Amino acid sequence: MINSNLQPVADVTTPTARTTLPSAIGNQITLSTWNLGYAGLGAGSNFIADGGQALLPPSRSVVDENLAGIVQTIKDDKAQIRLFQEVSSKSPLSYWAPVRDQVSAQFSDWQVFYRPDVATRFIPFPLALDHGTMLVARYNPLSVETVPLPPEPGAMLGFLKRRYAIQVARFALAERPGQLVVGNIHLSAFDDGGTTRQAQISAVLAFAQAEFAKGNHVVIGGDWNMVLSDPAWPSTTAEKYLFWIHPFPRDTLPAGWTIASDAATPSVRTLYKPYVAGENYTTSIDGFLVSPNVSIVSVATRDLGFAHSDHQPVTSVFNLD
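Trainee: Help me understand the overall build of the chain, please; the structure alone is not making it clear to me.
Mentor: Along the chain, the regular secondary structure elements total three helices and 16 strands. For 321 residues, the compact-globule estimate of 2.2 N^0.38 gives 20 Å, and the chain sits close to it at 18 Å. For the chain, the residues scored as buried account for 57% of the 321 residues in total. Summed over its atoms, the accessible surface of the chain is roughly 12500 Å², and 56% of this surface lies on carbon and sulfur atoms. Where the 22 positive side-chain charges of the chain centre and where its 27 negative ones centre are 5 Å apart.

Here you go:
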């Protein structure tokens, strides 16, 4: 049974501050975002929802290799705030590998916040599911909040209901008024015609504009599941496997708002078959929405050859103007 109580509510919590962490951010901040694919969607995987044949990864040993690569990539990342999606807690979809535990272990002296967006109840281990988003920061946030987004009318794979929301953390700014408001999102992927995604983006923009109107700096990142940059990287993928591809509606962006995405290296690949460079369709759907008082210094996707996940990490440096 799917837990209907997981529908996000607009709740706010005040985390306990760590004395080892700063509580105010200066004029520049580095963020990264990465959909981990629950360590089950590395280069050797295909997935049934994308037109493939498999629901599970090739083997537990493959998942363990993916997870080891994910952990090493996290260790190499220098971003001060990290946004993760598809973090699982001993899920059958990743042969019960301790993905969440191992990711959290890399941030033992950081602030770590996890929110399930797909979970089951009344289903015991080993069939229980618990997947969600994780926000980690090398700063003490003022508060952490869950802001609900429009739901899909149906269910993933016919039985899983994802509870969409913005995972929000607010940070004080050094020697200036206002806050840095950071949001972590994972929008719908398989909604018919992209209609749910359009509604979710409208809700994200409404939230972001309201925060900007208060004098805050806003950065919302994650997996948008809409094309942010696409220089038409070569592929041999048939059109029937691109049913979920829709462009981000840039014409809806308010004046002065920008998207930080990398047009040089793709951030996602299609999953209808295992990854082969030049054959699987690739594009960029992972990145950041930033308010007019935030400048993009740089943005880059790390090219891992989709070895550990069907997504690749995107890192961006921002100035807070």
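Trainee: Would you explain the environment of L67 in this entry?
Mentor: Checked against the element boundaries, L67 lands in helix α1 (residues 60-76). Apart from residues lying up to four places away in sequence, L67 is in contact with A39, A97, P98, V99 and Q102.

Trainee: Would you mind showing me how to read the packing of aromatic side chains here?
Mentor: The description of an aromatic ring pair uses the distance of the two centres, along with the angle that the planes make with each other. Under the criterion given, the structure shown has nine aromatic pairs. Ring geometry for F288 against F318: centres 5.5 Å apart, planes inclined by 80°, an arrangement best described as edge-to-face. In this pair, F288 is assigned in strand β14 (residues 286-290) and F318 in strand β16 (residues 314-320), connecting sequence segments 30 residues apart. Here the two residues F288 and F318 agree in accessibility, since each one is buried. By way of ring pairs, the aromatic residues F84, F107 and W110 are connected into one cluster.

Trainee: I'm lost on the environment of L55 in this one. Help?
Mentor: Inspection of the secondary structure assignment puts L55 in the loop between β3 (28-35) and α1. Taking relative accessible area as the criterion, L55 reaches 38% and is therefore assigned partly exposed. Counting along the chain gives 10 residues from L55 to S45, while the straight-line C-alpha distance between them is 9.3 Å.

Rules and cut-offs
- Here the residue numbers are simple positions, counted from 1 along each chain's written sequence.
- Only residues with pLDDT of at least 70 are given local features in this predicted model, and only at 80 or more are side-chain atom pairs given and counted; all residues enter the totals for whole chains, interfaces and linings.
- Think of the side-chain values as coming from all heavy atoms in the structure, minus any hydrogens and water.
- Each helix is a run of H or I in the DSSP string that is no shorter than four residues. Each strand is a run of E no shorter than two, and both are numbered from the N terminus.
- Just to be clear, the radius of gyration here is over C-alpha atoms, and the globule rule we use is 2.2 Å times residues to the power 0.38.
- Each residue gets one of three labels from its accessible area relative to the maximum for its type: buried under 20%, exposed over 50%, partly exposed in between, using a 1.4 Å probe on protein chains only.
- Values of accessible area rely on a 1.4 Å probe in the Shrake-Rupley scheme; residue burial ignores everything except the protein chains shown.
- Working convention for charge: Lys and Arg count positive, Asp and Glu count negative, and His plus the chain ends are omitted.
- Where a charge lies is defined by one atom per residue type, namely NZ (Lys), CZ (Arg), CG (Asp) and CD (Glu).
- Note on definitions: a residue-residue contact is assigned when non-hydrogen atoms from the two residues lie within 4.5 Å.
- Ring pairs are drawn from Phe, Tyr and Trp, using the six-membered ring of Trp, whenever the two centres fall within 6.5 Å, and their geometry is named by plane angle: stacked under 30 degrees, edge-to-face over 60, tilted for the rest.

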